[in-house]
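# Secondary and tertiary structure notes
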Amino acid sequence: MTATQSTEATREREGESDDPSEGTTTAGPILAVEQLRKGFGGIQAVDGATFEVAPGSITGLIGPNGAGKSTTFDLITGVYSPDSGRVRFDGTDITGWRPDRVARRGLVRSFQIARELAGMTVMENVMLAPPDQLGERFWPAVLPGFRGRVAEQERELRERAWETLEFLELDDLAGERAGALSGGQRKLLELARVLMTEPEMILLDEPMAGVNPTLERKLLDRLQELSDHGYTFLLVEHDMDVVMEHCDPVIVLHQGEVLAQGPPAAIKSNERVLEAYLGGEVEA
Amino acid sequence: MAVRDNPGRVLSSLRVNLLPALLAVLGLVLLLDLGRRLVIGGLTLSALVRFLWTGLVRGMAIGLAGIGLSLTYSILGFANFAHGDYITVGAFAGWVTTFVVAGVGSVGLDLLVLVSSDASAGELGINVLSTPVAIAAGLVVAAGITALVTVALDRVVFRPMRDANGIALLIASVGVALALRYTLLILFSGSVRTLTTDVPTTAVGVGSGEVVFRAHDVTVVVLAGLLMLGTHLLLQYTKLGTAMRAMADNKELALVTGIPTERVVRTTWILGGALTGAAGFLIALQLGGMSTTLGWDRLLLVFAAVILGGVGSIYGAIVGGLIIGITIRLSLVWLPNELSIASAFVVLVFMLLVRPNGLLGGVETV
Amino acid sequence: MSRLSVWLRRGLRALRHPLGGDGDADGARSDLVLVGGLVVGVYALFTVMALLGPFDGVGNVLSQLETVTLLVLVYVMLALALNLQWGYAGLLNLGVAGFMAIGAYTMAMLSAAPDATVPGLGLPLVVGIVGGFLAATLFGALTALPAIRLRADYLAIVTLAFSEIIRLVVRSEAASEFTIAGQRLGTGGANTFPLPPNPVKVLLYENPSEPLVAAVDSPTVAGDLMLEIADVFNLSASQAENILYTLLLLIPVGAFYLLLTRIGNSPFGRVLRAIREDELVAGSLGKNTRRFKITTFAVGCGLMGLAAILWQLQGQGRLSPGTFEPELTFFVFVALILGGSGSNTGSVVGGIVFAAVLLEGPRALKRVVDENFDVSADPDTIIEASQGVEPLFAYLLSDSSIEALRFIMLGVVLVYLMQRQPQGLLGHRRGQAATVSLPTREEEEP
Ligand SMILES: Nc1ncnc2c1ncn2[C@@H]1O[C@H](COP(=O)(O)OP(=O)(O)O)[C@@H](O)[C@H]1O
Ligand SMILES: [Mg+2]
């Protein structure tokens, strides 16, 4: 993948950005979540969560198990509609948008429990991800006149896919069925797909679970590098050392609410945070 | 926010807001037209009452048949396309019994077991007043045999597939439907046979005309009502009923709470099968005739009833059955006879588009 | 002329590499071998059965092979179209028969002569065929637009209900003949709808719409040739005409296959497979899953309509609402699942095995038994039949019982497949989901 590709280019491809307020967001937050609420039957999974993410940051989202982190991701990316509250992304209100629309707007997420397309190969999984492929439209897919252009784009994508897979040390498995991968490999595949979409912002739900430490280091370096190039990350991570080293700021979610947020050092010494972690299930 | 930037959103807001409004308006227009016809005389009051009554009769039979489908749909998580043919099994098992009880010794075996293609029941004179025992015996055997058949088919076909997804089960059930129906066809041949004769009727004056109540229509309503009531009591007040409801509500939870799933599943088939068989018998009683496509021809109606009422809810199935039955008959005010069934399907399709989870909300499993 | 040769060469190349450019040529070749072997096997089997049956000359054998071939081709087309919806995108369409009816009846209503028993608009047949295809596509889109967000099982029930609505309306008195804007139109209701002469008839006879006995008196040049060849093989005119029609049907069948493999191996097909496996993943990667599903549903329905048209135009060509009962839909499902949903080659194999073995096989077998065993008993009921072995045999071999046994066998096969072999015969053998070859890294040859 080409880390240097500008986010402008990503935006260019978005046919949907005719909102005049868009694109003028350098100062404000790229993602703003306000009073988000979601209940499942008796469980209030997210209960008034409010936070902002600054563009270009690697923001950490932590909290004990069941704090509502994954559900917050689901609400932001349209997997569920919130019961109430707003989600703004890059100047646009995206509350209640369907997942595909959110993704096309430039906000892509990974899943905590990897959702590999088990019957497709690793390479096919990765080739699926890039947006706006010519051959994804019906007529170009079937009409002979488009054949050359479609094939050419496929070759380009395949090159990029190889680079991504090599980087994630999945290239040996390119022809394998994704269903045959190990847990850690699946998480990497999940990451590979997300990176291939080249979004403006990426939500990562425990992306490094089950990944070997060397590769984890490499991945974290790459996240840092990507964020230097203007990508924004919201990262759910259980390993506190990782969070303290790479994330700034850090948001702590507890029982569906934001308990604290700020620079890692402040979070580390925050009484209420410690209490929440000790009170709930102890993690990390 | 502006809707212009997403046609999908426009579409879904149309669906959520406009479609129900449109349907409500349509319903109102039909209602007004009904009133208009009553006033200007295009439709007599007695005709309307007749439609409603026959609609109720059919609705009770469909609703009764729907309970079993609804139970297995929610507990096992698949749409059972063989359900229609379970209805047929019940009808044949029951009516063979009725014929044997009513006519043993007086007519040939061929006729008694309904396999003679020139089966004419004339000599037997079966109807609910002259041969009540035979009818009662038929009803009981219809329920019993169908329960057995459904449990047996579950053993052979569905149980080995407990882990399969609902769609695989659905497709397998299509196979069961075909095999069952055509086995019956080989055994009984395809002719439509007459079952009852000299059915007593009572005419009641309504408005300027009269409504004829057939004894068998009344029998169907009463017996179906009693069976529904019994099912209600069973599910509400027995331990097994509680377990079944728990499983319909939440299978995983029920599993965790230690409910013996296989036993509950078997009971579900037995109960559902028995009601379905009884419904098949009653439908044939009401029609006064039957063939091997009796149940298959009504499968979609039963599905419509179940989905209309919300999968998993027996009361939903009953209410859905009544809506479907009355729709079919009332549509005759506007539509020719041959399209009345289609009107029920149209109701189903619109209903699913507006409220995919059923009128009564229904219990969502899967 | 040189243009033609270029086209021919391209066509041949496409046949050799149906998976596209630098696609999986090896797989394609072995698929070809598989299908070829199957076809040879089926023909051998049916030839033997035709010879053992009431042997009535070479023409008769050929004609029986033609009957099987036609059915095979029709089911191959239908299975391919259904594979696009069910195999690729996971859309459970139980309304196949309904969309077929829409295609066929629209074609008939557009092209039937205004003064025929069932009146139509009298437009050229080409217009009718294209119109029928478009109508089926449009109805598919209109159904999908609201229904596509339903759960798979509800989609199944809604589409089945939809196809029953179509059939009931087509066969209703109200639709049998009506007038729109002064134009008399109709479906023929419960009766049959005689179709205009098919293109083969037009090619062969000067007066193609005459009954065959009269039409053969004034053949065209092509017709003359055909009748001469028919004479050599001792074929009747109608047999020869049917054989020609079926042979020509290979062209659209080939086109179906190429079109569907092309869709399957394109990025479009890749998204469809992703949707089938996990729709949320496809959506989360920004794919507008609804658009893909609606397009796929509509195209599949259009192809089903087209297949129905090409099927029904054969021979005397009469539409009957009874043709489009839900059983037809289940047949197509059995064919597809048998071959292996998700694989286009599987659809072809499934179509062949289903139509030849399950659909036509029992009939041919019955002819053999009738010819070679003298069964005199003729019991009317199963009770009479159970008096002995011979009556039972005779009962089970009666025409209606054979039909029924066939359905029972289909049901059992379906259950068996879902229990033991949900992948079908070739379900594992799906083409790769890309236009270019994937696992290797070598640079493409120019
Ligand atoms: N689909 C769902 N149905 C019911 N409860 C859910 C669902 N998703 C999440 N929950 C509940 O919501 C709470 C928050 O879960 P989650 O967002 O996964 O937490 P986290 O990711 O922080 O560990 C948990 O109590 C969980 O059980
Ligand atoms: Mg989580």
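Residues numbered from 1 in each chain as written. Chains lettered and ligands numbered in written order. Predicted model: local features only at pLDDT ≥ 70, side-chain atom pairs only at ≥ 80, totals over all residues. Heavy atoms only, no water.

## A few points about the overall build of chain C
- Within chain C, the secondary structure is distributed over 19 helices and four strands.
- Put simply, of all contacts in chain C between residues at least 6 apart along the chain, 72% involve residues at least 24 apart.
- For chain C, the accessible area works out to roughly 18,000 Å², and carbon and sulfur atoms hold 64% of it. (Helix = DSSP H or I, 4+ residues; strand = E, 2+ residues; numbered from the N terminus. Contact = heavy atoms within 4.5 Å. Areas by Shrake-Rupley, 256 points an atom, 1.4 Å probe, with all protein chains shown as cover.)

## Regarding the overall build of chain A
- Helices and strands together make up the secondary structure of chain A, namely 11 helices and 10 strands.
- Contacts spanning at least 24 positions in sequence make up 69% of the contacts within chain A whose residues lie at least 6 apart.
- Total accessible area on chain A is roughly 11,400 Å²; 49% of this is exposed by carbon and sulfur atoms.

## Quick word on the pairing of strand E3 (residues 209-214) of chain B
- Here six bridges tie strand E2 (residues 201-206) of chain B to E3(B), and the two strands are oriented antiparallel to one another. Bridge pairing in E3(B) links B:Ala203 to B:Val212. (Pairing = 2+ DSSP bridges.)

## Structural notes on the interface of chain B and chain C
- Listed by partner, the interface residues are 49 residues for chain B and 46 residues for chain C.
- Contact between chain B and chain C buries roughly 4,100 Å² in total, counting both sides, with carbon and sulfur atoms accounting for 78%.
- Taken together, the connections running from chain B to chain C amount to one salt bridge.
- The partner of C:Glu327 in a salt bridge is B:Arg181, and the shortest N-O contact between them spans 2.8 Å.
- Inspection of the chain B/chain C interface yields seven residue pairs in polar contact (both at pLDDT 80 or more).
- Looking at the side of chain B that touches chain C, the elements that each hand over two or more residues are helix H1 (7-40), helix H4 (109-112), helix H5 (132-158), helix H6 (166-188), helix H11 (296-309) and helix H13 (340-354) of chain B.
- If one sorts the elements of the side of chain B that touches chain C by residue count, H6(B) sits on top with 16 residues. (Buried area = accessible area lost by both parts, 1.4 Å probe. Salt bridge = Lys/Arg side-chain N within 4 Å of Asp/Glu carboxyl O. Polar contact = N/O pair within 3.5 Å; in protein donor to acceptor, adjacent residues only side chain to side chain.)

## What about the sheet that holds strand E5 (residues 92-93) of chain A?
Residues and elements named next belong to chain A.
- Strand order in this open sheet of four strands is E2-E1-E4-E5, and the pairing throughout is antiparallel. Looking along the sheet, the strands with just one partner apiece sit at the ends: strand E2 (43-53) and E5.
- Sheet analysis places strand E1 (residues 31-40) next to strand E4 (residues 84-89), joined by five bridges and oriented antiparallel. Residue Ala32 lies in a different strand from E4, and its bridge partner there is Arg88.
- The strands that helix H2 (residues 69-76) touches are E1, E2 and E4; relative to E1, the one it contacts most, it runs at about 110 degrees. (Axes fitted to C-alpha atoms, helices over the stretch in contact; angles between N-to-C directions.)

## Focus on the site of ligand 1
Residue and element names in this part refer to chain A.
- Around ligand 1, the structure places Phe40, Ile43, Ala45, Pro64, Asn65, Gly66, Ala67, Gly68, Lys69, Ser70, Thr71 and Tyr80.
- One of the backbone nitrogen or oxygen atoms of Ala67 is found 3.2 Å away from an oxygen atom of ligand 1.
- The backbone of Lys69 places a nitrogen or oxygen atom 2.8 Å from an oxygen atom of ligand 1.
- When ligand 1 is considered free in solution it has 560 Å² of accessible area, and contact with the protein chains removes 65% of it.
- At the level of elements, E2 and H2 are the ones that each hand at least two residues to the shell around ligand 1.
- At three residues, H2 tops the list of elements feeding residues into the shell around ligand 1.
- A class-by-class count of the residues in the shell around ligand 1 yields six nonpolar, five polar and one charged. (Near = heavy atom within 4 Å. Nonpolar A, V, L, I, M, F, W, Y, C, P; charged D, E, K, R; others polar.)

## Points about the nonpolar core
- Grouped together as the largest cluster of nonpolar side chains are 297 residues, with contacts concentrated most on B:Phe81, B:Trp95, C:Tyr75 and C:Phe354.
- What B:Phe81 contacts, discounting residues up to four positions off in sequence, is B:Leu170, B:Ser173, B:Val174, B:Ala177, B:Trp296, B:Leu299, B:Phe303, C:Leu94, C:Ile157 and C:Leu160. (Core = buried A, V, L, I, M, F, W, Y, C linked by side-chain atoms within 4.5 Å. Buried < 20%, exposed > 50% of the residue type's maximum accessible area, 1.4 Å probe, protein only.)

## A look at the sheet that holds strand E3 (residues 58-62) of chain A
Residue and element names in this part refer to chain A.
- One open sheet holds the six strands; their spatial order is E6-E7-E8-E3-E9-E10, and the pairing between them is mixed. Either end of the sheet is taken by a strand with one partner, and the two such strands are strand E6 (107-109) and strand E10 (257-262). On average, each strand axis in the sheet is tilted by 20 degrees relative to the strand beside it, whichever way the strands run.
- Direction of pairing for E3 relative to strand E8 (residues 232-236): parallel, over a ladder of four bridges. The partner of Leu61 across the bridge, within E8, is Val236.
- Seen against the sheet, helix H7 (residues 183-196) touches E6 and strand E7 (201-205) and runs at an angle of roughly 170 degrees to E7.

## Quick look at the coordination of the magnesium ion (ligand 2)
Residues and elements named next belong to chain A.
- At the metal site, the magnesium ion (ligand 2) is ligated by Ser70 (OG) and Gln112 (OE1), and these contacts range over 2.1 Å. Taken together, the positions of Ser70 in helix H2 and Gln112 in the loop between E6 and helix H4 (122-128) put the pair 42 residues apart, joining distant regions of the chain.
- Among the residues examined, Gln112 registers a relative accessible area of 32% and is labelled partly exposed. (Donors = N, O, S within 2.8 Å, 3.2 Å for Na, K, Ca; no water.)

## Comments concerning the packing of helix H3 (residues 83-103) of chain B against H6(B)
All names here are of chain B.
- In the contact formed by H3 and H6, the axes pass within 9 Å of each other and the chain directions differ by 25 degrees. By the angle class used here, H3 and H6 are roughly parallel. Where H3 crosses over H6, the two elements pack in a sense that is left-handed. Seen from H3, the contacting residues are Asp85, Tyr86, Thr88, Val89, Phe92 and Val96; seen from H6, they are Val176, Ala177, Leu180, Arg181, Leu184 and Phe188.
- Here the contact of H3 with H6 is built from residues that sort into nine nonpolar, one polar and two charged. (Parallel < 35°, antiparallel > 145°, perpendicular 65-115°, else oblique. Left-handed = near helix turned anticlockwise from the far one by under 90°.)

## Topic: the side chain of B:Ser340
- For B:Ser340, the position within the fold is in helix H13.
- Its relative accessible area of 4% is what places B:Ser340 among the buried residues.

## So, the pattern of salt bridges
All names here are of chain C.
- What the rule picks out here adds up to 35 salt bridges over all chains.
- Where Glu360 meets Arg363, a salt bridge forms, and the shortest distance between an N and an O atom there is 2.7 Å. Linking Glu360 with Arg363, this pair stays in helix H16 (residues 344-372), spanning three residues, or about one helical turn.
- The closest approach of N and O atoms between Lys366 and Asp370, which form a salt bridge, is 2.9 Å. Taken as a pair, Lys366 and Asp370 lie in helix H16 at a separation of four residues, close to a single helical turn.
- By sharing partners, the salt bridges in this structure join Glu360, Arg363, Glu403 and Arg406 into a single network.

## Quick look at unusual backbone geometry
- Following A:Asp248, the chain continues to A:Pro249 via a peptide bond in cis, the omega torsion being 0 degrees.
- Here A:Pro249 shows up in the loop between helix H9 (240-246) and strand E9 (250-254).

## Topic: the packing of aromatic side chains
- Evaluation of the coordinates by the stated rule reveals 26 aromatic pairs over all chains.
- With a centroid separation of 6.4 Å and an interplanar angle of 90 degrees, the aromatic rings of B:Tyr73 and C:Tyr154 are classed as edge-to-face. With B:Tyr73 in helix H2 (residues 45-76) and C:Tyr154 in helix H6 (residues 152-170), this residue pair bridges two chains. Of the two residues, B:Tyr73 and C:Tyr154, neither departs from the other in class, the shared state being buried.
- Look at B:Phe78 and B:Phe158: their rings are 4.9 Å apart centre to centre, the planes differ by 40 degrees, and that puts the pair in the tilted class. Of the two residues, B:Phe78 sits in the loop between H2 and H3 while B:Phe158 sits in helix H5, which places them 80 residues apart along the sequence. For the pair B:Phe78 and B:Phe158, a shared accessibility class is recorded, and that class is buried. (Phe/Tyr/Trp six-rings, centres within 6.5 Å; stacked < 30°, edge-to-face > 60°.)

## A few points about the pairing of E3(A)
Residue and element names in this part refer to chain A.
- With five of five residues buried, E3 lies mostly within the body of the structure.
- In E3, alternate side chains face the same way, and those of Ile58, Gly60 and Ile62 on one face and Thr59 and Leu61 on the other are all buried.
- Relative to E9, E3 runs parallel, the two being bridged by three bridges. The residue of E9 that forms the bridge with Gly60 is Val250.

## Observations regarding the environment of B:Leu299
Residue and element names in this part refer to chain B.
- Examined against the element boundaries, Leu299 turns out to sit in helix H11.
- Separated by 57 residues in sequence, Leu299 and Pro356 have C-alpha atoms that sit 19 Å apart.
- If we skip the residues at most four places from it in the chain, Leu299 touches Asn80, Phe81, His83 and Gly84.

## Points about the packing of helix H12 (residues 314-330) of chain B against H13(B)
Residue and element names in this part refer to chain B.
- With their axes 8 Å apart at the nearest point, H12 and H13 run at an angle of 135 degrees to one another. With respect to each other, H12 and H13 are oriented oblique. In the crossing of H12 with H13, the sense of the turn from one axis to the other is right-handed. Every residue of H13 that contacts H12 at Ile324, Thr327 and Ile328 is listed here: Ser340, Ile341, Ser343, Ala344 and Val347.

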